[in-house]
Amino acid sequence: VGALRLRPADDAAVGWGRLERLDGGAAIAVCEADRGRVWMCCAALASAAPAEQAASLSGGEAERRRAELAAFHLPHGETLVDAISCTARDASAGIPSPGWLYLTRSYLCLGSSCAGRETVPLTQLLQVLKGSPGVVVAHCVELVLPGGRTLSLGFGNHRRRDEVVDKLTEARNRAVHEATSGLARWRPLCVSLRPPLVLVSLLPTPLHVSLRHAKKDAEQVLGLGPVQAPPPDAVLAADADAVETVVLHPAVPVHVHAMHALAPLHLSCWLPPRTAAPPLQFEKAELHGRLASLRRPALGAADWREMSLHPP
């Protein structure tokens, strides 16, 4: 996708914004509105081939493998098809080391504790061979790469080895066919649009929440200098001192489009008054609390933080 322009349909005051890729594979669209407001939206691009997801892995293991695959920085649309544990040995290395073999629609990736990471386009995989009995890695598959280089991958027994040979051979043949026939260029993509932040409270009472960015934190994370009469490409830092306040009701998600999690967030919470009096501010609430520098966790990871609500 070369360019994608969008805007919310229910707010005529918000202009068009363009989806921009950021560092780390993130993508965000920022739409400018009146009085310095912004409306933001995140996007995820994936191959529209749900039947090819790694069904052989359990939920938690699949998330860990997807997180590891993200470290290979493959093009958008490359999703995990299969992940197989193995031992790996490069022709130039000595001792085999444990690792994981990752297979996507177009790539074969190898993550090993000693040999590091290796990414091979399936179209450049010249041969997939069953290893001979005299090789160092038992029950191995030998991958022949351009330049005559070989990788030896061990899979523990003959049955697993034969299954892997069949999978890699089929994946290579399909990738070569798609590349030579032009099908790879027209592979359908699924574009998922999501809010930058979703807040949910599981407390049995309404909760007031205030979010803000620290300006210097936003500039450091986004790589932007101090903002002066900001140009369009610096709009992410223009709202670095903005504050967003919402009321969370039990188990009701609230979508926040005016803030993002690319820079650390500072969160303040307080309970509403028990009477029908006007809502109190944070400093005057009977119980309140703060969390500082909330950061977006890595893909597939979770960051659990504890916050106590206490009297002023």
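Residues numbered from 1 in each chain as written. Predicted model: local features only at pLDDT ≥ 70, side-chain atom pairs only at ≥ 80, totals over all residues. Heavy atoms only, no water.

## A word on the overall build of the protein
And then number 1: In terms of helices and strands, the protein carries four helices and 18 strands.
And then number 2: Counting over 312 residues, the protein shows a buried share of 38%.
And then number 3: Summed over all atoms, the accessible surface of the protein reaches about 17,800 Å², with 55% contributed by carbon and sulfur. (Helix = DSSP H or I, 4+ residues; strand = E, 2+ residues; numbered from the N terminus. Buried < 20%, exposed > 50% of the residue type's maximum accessible area, 1.4 Å probe, protein only. Areas by Shrake-Rupley, 256 points an atom, 1.4 Å probe, with all protein chains shown as cover.)

## Points about the pattern of salt bridges
And then number 1: In total, this model carries ten salt bridges according to the counting rule given.
And then number 2: With a closest N to O distance of 3.3 Å, Glu63 and Arg66 form a salt bridge. Of this pair, Glu63 and Arg66 both sit in helix H1 (residues 59-70), three residues apart, which is roughly one turn of that helix.
And then number 3: What emerges from the salt-bridge pattern is a single network uniting Glu61, Arg64 and Arg65. (Salt bridge = Lys/Arg side-chain N within 4 Å of Asp/Glu carboxyl O.)

## A closer look at the sheet that holds strand S15 (residues 243-248)
Strands pair in a sheet through their backbones, by hydrogen bonds, and they do so in one of two ways: parallel or antiparallel.
And then number 1: Within the open sheet, the four strands sit side by side as S15-S14-S17-S18. Their pairing is antiparallel. In this open sheet, the two edge strands, each paired with only one partner strand, are S15 and strand S18 (288-294). Going across the sheet, the axis of each strand differs from the next one's by a mean of 15°, ignoring polarity.
And then number 2: Bridging between strand S17 (residues 265-270) and S18 involves five bridges; their strand directions are antiparallel. In the strand pairing of S18, Cys269 is matched with Gly289. (Pairing = 2+ DSSP bridges. Axes fitted to C-alpha atoms, helices over the stretch in contact; angles between N-to-C directions.)

## Description of a nonpolar patch on the surface
And then number 1: A surface patch of nonpolar side chains, amounting to about 310 Å² of accessible area, comprises Val198, Val200 and Leu202.
And then number 2: Along the chain, Val198 falls in strand S13 (residues 197-199).
And then number 3: Given a relative accessible area of 45%, Val198 falls into the partly exposed group. (Patch = residues over 30% accessible without salt bridge, like charges linked within 9 Å, V, L, I, M, F, W, Y side chains within 5 Å.)

## Digging into the environment of Ala263
And then number 1: Positionally, Ala263 belongs in the loop between strand S16 (254-256) and S17.
And then number 2: Residue classification places Ala263 among the buried positions, given a relative accessible area of 2%.
And then number 3: Put simply, Ala263 and His213 are 50 residues apart on the chain and 7.0 Å apart in space, counted from C-alpha to C-alpha.

## Looking at the pairing of S17
And then number 1: In terms of residue burial, S17 counts as a mostly covered element, since six of its six residues are buried.
And then number 2: Taking every second residue as pointing to the same face, both faces of S17 are buried, with Leu265, Leu267 and Cys269 on one and His266, Ser268 and Trp270 on the other.
And then number 3: Direction of pairing for strand S14 (residues 207-213) relative to S17: antiparallel, over a ladder of six bridges. Within the sheet, the bridge partner assigned to His208 lies in S17 and is Trp270.

## What about the nonpolar core?
And then number 1: Leu101, Leu143, Phe155 and Leu168 are the most contacted members of the largest nonpolar core, which totals 22 residues.
And then number 2: When residues of this core are traced back to their parent elements, those giving at least two are strand S5 (82-90), strand S6 (97-103), strand S7 (107-112), strand S10 (140-144), strand S11 (150-154) and helix H2 (158-181).
And then number 3: With five residues, the single largest contributor to this core is H2.
And then number 4: Here Leu143 is in contact with Leu108, Leu125, Gln127, Val128, Arg149, Thr150, Leu151, Leu153 and Leu168, once residues within four sequence places are set aside.
And then number 5: The next biggest cluster of nonpolar side chains, apart from the first, holds 15 residues, and it includes Leu197, Leu211, Leu265 and Leu267. (Core = buried A, V, L, I, M, F, W, Y, C linked by side-chain atoms within 4.5 Å. Contact = heavy atoms within 4.5 Å.)

## Thoughts on the confidence of the model for the protein
Note: predicted coordinates in regions of low pLDDT should not be interpreted at a detailed level.
And then number 1: Residues of the protein with pLDDT of at least 70 account for 76%, and the chain-wide mean is 77.
And then number 2: Taken element by element, the protein is modelled with least confidence in helix H4 (residues 235-238), mean pLDDT 44, and with most confidence in S16, mean pLDDT 92.
And then number 3: This stretch, residues 217-238, has a pLDDT under 50; its non-local contacts, to residues over four places away or in other chains, come to 32 contacts. (pLDDT = per-residue confidence, 0-100.)

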